[in-house]
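Chain by chain, the residues run as shown.
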Amino acid sequence: MQRRQFLRGSAALLSTAGASRALAVDTPAVVGPAAASLQSDDLPLAPIRASADRIIEMNVCTRPFRAQGPRIELERIGRRQVVHNYGHGGSGWSLSWGSGLLATQMAQSTGAQRIAIVGCGAIGLTTALVAQQAGLSVTIYASERPPYVRSQFATGSWTPDSRICTAEFAAPFAERWEAMARYSFRRYQALLGVAGDPVEWRDMYSLSERAPGTPSPHGESTEPEYPDFEDALLADLTPRAVDLSAHAHPFPTPYVRRRPALVFNIASYSRLLLEEFERAGGRIETLTLRERSDFAAIDERTIVNCTGYGARALLNDDTIIPVRGQTCKLIPQPEVHYGLNYGDRRVSVYPRRDGLLVQAQAEGDFNNDKENLDPQESITAVERLAQIVHEMKLKG
Ligand SMILES: Cc1cc2nc3c(=O)[nH]c(=O)nc-3n(C[C@H](O)[C@H](O)[C@H](O)COP(=O)(O)OP(=O)(O)OC[C@H]3O[C@@H](n4cnc5c(N)ncnc54)[C@H](O)[C@@H]3O)c2cc1C
């Protein structure tokens with residue numbers, strides 16, 4: 001399929017999908033001054049305690065974005081067969097299982113029974129588990145392991161088409177993307193209800209002052225155009241969004257859309273991945289590769305390279321573009337079962353078990369490799385969130 005055709009097709013799908021996938025709900029809210037919790041539709045919403053003095057952690061790191069999508073291909077380096085599996089932008093957790101499956105199939109095509117994986121983040125760990133399940137013996141080599149890998153600092157939600165490629169490369173990548181997303185989605189459903197709640201479905205509310213489709217008041221984005229793969233290709237897979245009428249929710253905006261979202265509780269989830277890997281006989285060794293020829297230092301002849309943003313320096317690969325992201329965590333509130341995203345005010349919050357994850361959406365993150373924290377950025381995001389909570393209470 002030609003790119004234009006794909007984009008036209010997906011745009012058509014999007015415009016109809018956008019309308020048909022959102023159901024209108026017009027149920028009176030049951031709220032009053034004495035209500036212990038705010039209500040959305042018929043659901044109680046515990047107030048978020050948003051204040052800067054409840055911040056327990058701030059993190060910043062770079063997403064490994066590639067315009068053409070992640071690099072998943074086999075390359076011979078000296079006497080080693082190296083399967084690259086890096087460059088997953090803002091979708092690494094979401095696509096990890098499917099990406100691991102592709103990489104494992106490539107590793108199997110070399111005939112190896114014993115493989116090495118370089119990298120112990122979201123991609124390395126899931127690839128290792130898929131490879132073990134395929135009967136391979138796996139050793140992971142990595143500079144860092146959880147909780148000290150970049151993956152640990154992600155928002156932690158199902159965002160399979162977030163900064164995964166540019167619109168220009170959508171057509172050649174679409175089929176592979178869909179296969180990875182569908183396989184990953186299935187794997188995530190199999191983790192529901194598992195002890196420690198590594199994965200959960202939670203309601204996310206999108207708040208807007210503008211009707212859907214109205215341009216942002218913040219003007220043109222400085223980022224490239226990204227394809228909307230999820231709405232175009234996975235409409236049958238994920239639950240539908242619901243548009244709530246003004247009196248059916250406690251939020252201070254005229255337009256509110258509720259959609260169930262898959263949330264990854266990264267602390268318990270990455271621990272589970274590590275434990276499963278080790279229980280199946282996997283070993284992890286600390287090792288840093290400085291340059292391409294260092295792959296020769298690894299015993300195994302077939303190696304899967306899951307070094308994420310680290311691949312940029314290791315392979316001198318400037319197709320990897322850093323996209324900075326800063327988050328902070330507020331003290332966990334187990335009673336908060338929902339999250340919200342208010343694009344006009346550039347803030348979102350996710351109801352993670354290991355802390356309410358607050359993300360500031362900043363301009364200038366694209367092609368920004370600064371991994372130094374800007375504490376004021378997170379404090380401002382929490383203050384914006386506090387203002388939203390305040391306005392919710394006033395409305396209630
Ligand atoms: C703010 C933010 C929010 C995000 N939110 C989401 C989200 O909600 N959902 C989602 O799906 N994705 C999200 N992402 C994207 C996701 O976090 C990444 O795509 C993912 O972490 C990439 O994983 P990785 O395993 O490739 O890289 P990493 O986690 O960076 O792991 C790389 C591994 O390789 C090792 N390594 C690197 N270089 C070398 C070397 N030279 N020698 C030896 N070892 C090496 C490292 O030590 C590490 O073990 C987000 C990213 C950011 C920054």
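In the block above lies the structure referred to throughout.
Notes on the structure follow.

Conventions and cut-offs
- Residues numbered from 1 in each chain as written.
- Predicted model: local features only at pLDDT ≥ 70, side-chain atom pairs only at ≥ 80, totals over all residues.
- Heavy atoms only, no water.
- Salt bridge = Lys/Arg side-chain N within 4 Å of Asp/Glu carboxyl O.
- Helix = DSSP H or I, 4+ residues; strand = E, 2+ residues; numbered from the N terminus.
- Buried < 20%, exposed > 50% of the residue type's maximum accessible area, 1.4 Å probe, protein only.
- Near = heavy atom within 4 Å.
- Polar contact = N/O pair within 3.5 Å; in protein donor to acceptor, adjacent residues only side chain to side chain.
- Areas by Shrake-Rupley, 256 points an atom, 1.4 Å probe, with all protein chains shown as cover.
- Nonpolar A, V, L, I, M, F, W, Y, C, P; charged D, E, K, R; others polar.
- Pairing = 2+ DSSP bridges.
- Axes fitted to C-alpha atoms, helices over the stretch in contact; angles between N-to-C directions.
- Core = buried A, V, L, I, M, F, W, Y, C linked by side-chain atoms within 4.5 Å.
- Disulfide = S-S within 2.5 Å.
- Phe/Tyr/Trp six-rings, centres within 6.5 Å; stacked < 30°, edge-to-face > 60°.
- Expected span 1.5 Å × (residues − 1).

Let's talk about the pattern of salt bridges
- Per the stated rule, a full pass over the model turns up 22 salt bridges.
- Here E391 makes a salt bridge to R345, at a shortest N to O gap of 3.0 Å. In this pair, E391 sits in helix α8 (residues 375-395) while R345 sits in the loop between β15 (338-342) and β16 (347-352), placing the two residues 46 residues apart along the sequence.
- For D369, the salt bridge identified is with K370, shortest N-O distance 3.8 Å.
- Taking the relative accessible area as the measure of exposure, D369 reaches 44% and is therefore partly exposed.
- Within this structure, E57, K329, R352 and D354 form a network of salt bridges that share partners.

With respect to the site of the ligand
- Close to the ligand lie 36 residues, the nearest being S94, E144, S151, S157 and L289.
- Measuring from an oxygen atom of the ligand, one finds a backbone N or O atom of I123 at 3.0 Å.
- Residue S143 places a main-chain N or O atom 3.2 Å away from a nitrogen atom belonging to the ligand.
- In isolation the ligand has 1,000 Å² of accessible area, and contact with the protein removes 95% of it.
- Residue assignment for the shell around the ligand shows that the elements contributing at least two residues are β4 (55-65), α2 (92-108) and α3 (122-133).
- Its residues placed into classes, the shell around the ligand shows 13 nonpolar, 20 polar and 3 charged.

Concerning the sheet that holds strand β7 (residues 114-118)
- Read from one edge to the other, the open sheet built from 6 strands follows the order β5-β6-β13-β7-β8-β12, with strand pairing classed as mixed. Of all strands in the sheet, those bounded by a partner on one side alone are β5 (71-77) and β12 (283-286). Across the sheet, the mean angle from the axis of one strand to that of its neighbour is 25°, orientation sign disregarded.
- By the bridge criterion, 4 bridges tie β7 to strand β13 (residues 302-305) in an arrangement that is parallel. Residue pairing for β13: I115 is matched across the bridge by T302.

Side note on the nonpolar core
- Counting residues in each nonpolar core, the largest one holds 51 residues, and the members touching the most others are I115, I140, W177, Y188, F229, F264 and Y269.
- Going through the elements one at a time, α2, β7, α3, β8 (137-142), α4 (170-189), α5 (229-233), β11 (255-264) and α6 (266-279) are the ones with two or more residues in this core.
- Per element, the largest residue contribution to this core is 8 residues, and it comes from α4.
- Counting 28 residues, the second-largest nonpolar core is a separate cluster that includes L330, A360, A381 and L385.

Remarks on the state of the cysteines
- Enumeration according to the criterion identifies 0 disulfides in this entry.
- Sulfur of C120: no disulfide; nearest cysteine sulfur belongs to C306 and is 9.9 Å away.

Overview of the packing of aromatic side chains
- Summed over all chains, the structure comprises 13 aromatic pairs.
- Consider the rings of W158 and Y188, whose centres lie 6.4 Å apart with planes at 75°: the pair is edge-to-face. Of this pair, W158 sits in the loop between β8 and α4 while Y188 is found in helix α4, placing the two residues 30 residues apart along the sequence.
- With relative accessibility at 9%, the residue W158 sits in the buried group.
- Summarising the aromatic geometry, the rings of Y205 and F251 are spaced 4.8 Å apart at their centres and angled 45° between planes, so their arrangement reads as tilted. Separated by 46 residues along the polypeptide, Y205 in strand β9 (residues 199-208) and F251 in the loop between β10 (241-244) and β11 bring together distant segments of the chain. Each member of the pair, Y205 together with F251, is buried.
- Aromatic rings pair up to connect W93, W158, F185, Y188, W201, F264 and Y269 into one cluster.

Focus on α3
- An ideal rise of 1.5 Å per residue puts 16 Å on 12 residues; α3 measures up with 17 Å between its terminal C-alpha atoms.
- Most of α3 sits out of view: 11 of its 12 residues are buried.
- Within the sequence span of α3, burial applies to A122, I123, G124, L125, T126, T127, A128, L129, V130, A131 and Q132.
- Where α3 terminates, the next one or two residues include G135, which has phi positive at roughly 100°.

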